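Okay, here's what each chain looks like letter by letter:
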Amino acid sequence: LLEVEVLLGQRANIERLLDLCEIITMARPGYEGDRLRTADLHLPPSRQDQLRRQVFHGHLIDISASDIRVRIAQGHGIRYLVPDAVEAYIRRHRLYQ
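For clarity, every value in this text was computed on a predicted model and none was experimentally measured.

Re unusual backbone geometry
Next up, step 1: One non-glycine residue, R94, adopts positive backbone phi at about 50°.
Next up, step 2: Examined against the element boundaries, R94 turns out to sit in the segment after α6 (84-92).
Next up, step 3: Accessibility expressed as a relative area gives 64% for R94, which makes it exposed.
Next up, step 4: Of note in the backbone geometry, Y96 takes a positive phi value of approximately 65° without being a glycine.
Next up, step 5: Here Y96 lies in the segment after α6.

Observations concerning the confidence of the model for the protein chain
Next up, step 1: On average, residues of the protein chain carry a pLDDT of 79, and 71% of them reach 70 or more.
Next up, step 2: Within the protein chain, no element has a lower average pLDDT than helix α3 (residues 35-38), which sits at 56, and none a higher one than α6, at 93.

Reading guide: rules and limits
Within any chain, residue numbers begin from 1 and follow the written order of that chain's sequence. Local features in this predicted model are restricted to residues whose pLDDT is 70 or higher, and side-chain atom pairs enter the listing and the counts only when it is 80 or higher, whereas totals over whole chains, interfaces and linings include all residues. To get the side-chain values, all heavy atoms of the structure are used, and hydrogens and water are removed first. Numbered from the N terminus, helices here are DSSP runs of H or I no shorter than four residues, and strands are runs of E no shorter than two. Relative accessibility decides the category of a residue: with a 1.4 Å probe and only protein chains considered, values under 20% of the type maximum give buried, values over 50% give exposed, and everything between is partly exposed. Each residue gets a pLDDT score, which is the predictor's confidence in that residue and runs from 0 to 100.

Okay, here's the thing in structure tokens:
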């Protein structure tokens, strides 16, 4: 499960990843559906189609991992922004403080 931005950042590894697993991409708010079509992925059209078929739109919250890290560093809570287990792990290991 990858965000579109992460997937686009893995251009060199996409074909290998597609051979190893099924990639599911979660769209974030403001996602433009044709970004995977127009991105320079260096993949055959069938592979690009394979990626586009696996883009899902869930409950979209306009927050990024960097937003989470900044909130923690500033002492703000992240409840409801991440799963409880993730919040507990971050707190237990004192990440991003």
